[in-house]
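The lines below spell out each chain.
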Amino acid sequence: MSLVRRAVPKDAAEVLRLRQVMIDAMFEKGAEGDTAWHAESLPTVRARLADGDGDFVAYVVDHPSRPGALAALVAGTVEYRIGRAGNPRGRVGHVFSVATDPDARRRGYARACMESLLDWFRERGACQVDLNASAEAEPLYASLGFVRKPDPSMRLDLAAT
């Protein structure tokens, strides 16, 4: 029996908690621990987790020693982009949140969740999967077949303009 399961609406608060673990470790310098956004995000996450046929999914592992808590999270979406050589249908998977609770690391939970997510992408016809990798997580992704690519990405924060 697999430890991995698809997240459901009752997991939404824990999904947000683990997303914050990832944010605190990787990104938002100066915003570590800022959880004020969780309350506004919670209804949307619950609704997205309830949509079993949608373009968003999260796979989780329950924490082995804390009932009601999650040990690991992997979340992703399938997007449509105009097709091109190698992906004529334009279906692209995007992994955007991978986190393991600090006290549950090095047990294979993130790998198991990633494998479930990759199967979900395949079932939906995605021909490629993109993600942003931290240096610490890069060996995991490389072992699953991901390779670094030159990235000319830019971002506009519409909330700030």
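Residues numbered from 1 in each chain as written. Predicted model: local features only at pLDDT ≥ 70, side-chain atom pairs only at ≥ 80, totals over all residues. Heavy atoms only, no water.

Next up on the list: the sheet that holds strand β4 (residues 91-100). Pairing is mixed in the open sheet, where five strands are placed in the order β1-β2-β3-β4-β5. At either end of the open sheet lies a strand with only one pairing partner, and these are β1 (4-6) and β5 (128-131). Strand-to-strand twist in this sheet, taken as the mean axis angle between neighbours without regard to direction, amounts to 25°. Pairing geometry for β1 and strand β2 (residues 56-62), over three bridges, is antiparallel. (Pairing = 2+ DSSP bridges. Helix = DSSP H or I, 4+ residues; strand = E, 2+ residues; numbered from the N terminus. Axes fitted to C-alpha atoms, helices over the stretch in contact; angles between N-to-C directions.)

Before going further, it helps to spend a moment on the pairing of β4. β4 sits mainly inside the fold: seven of its ten residues count as buried. Sheet topology places β4 next to β5; four bridges connect them, and they run parallel. Note that in β5 the partner of G93 across the bridge is V129. After leaving β4, the chain enters helix α3 (residues 109-123) and then returns to the sheet as β5, a path that is right-handed. (Buried < 20%, exposed > 50% of the residue type's maximum accessible area, 1.4 Å probe, protein only. Right-handed = clockwise from strand over helix to strand, strands pointing away.)

Counting along an α-helix, one turn takes 3.6 residues, and residues three or four places apart therefore face a common direction. With 15 residues, helix α1 (residues 12-26) ought to run about 21 Å at 1.5 Å a step, and its terminal C-alpha atoms sit 21 Å apart, in line with that. When α1 is considered as a whole, its buried residues turn out to be A12, E14, V15, L16, L18, Q20, V21, M22 and I23. Where α1 is buried, its residues touch α2 (37-50), β3 (70-80) and β4. (Expected span 1.5 Å × (residues − 1). Contact = heavy atoms within 4.5 Å.)

In this section: the packing of aromatic side chains. Per the stated rule, a full pass over the model turns up three aromatic pairs. Look at W120 and F121: their rings are 5.6 Å apart centre to centre, the planes differ by 55°, and that puts the pair in the tilted class. Of the two residues, W120 and F121, neither departs from the other in class, the shared state being buried. (Phe/Tyr/Trp six-rings, centres within 6.5 Å; stacked < 30°, edge-to-face > 60°.)

The next point concerns the nonpolar core. Among the nonpolar cores identified, the biggest contains 25 residues, and V95, M114, L117, F121 and Y141 are the most heavily contacted of them. The element contributing the most residues to this core is α3, with eight residues. When neighbours within four sequence positions are excluded, M114 is seen to be in contact with V74, V95, V98, L131, Y141, L144 and F146. Among the nonpolar cores identified, the runner-up in size contains 18 residues, and I23, V45, V60 and L73 belong to it. (Core = buried A, V, L, I, M, F, W, Y, C linked by side-chain atoms within 4.5 Å.)

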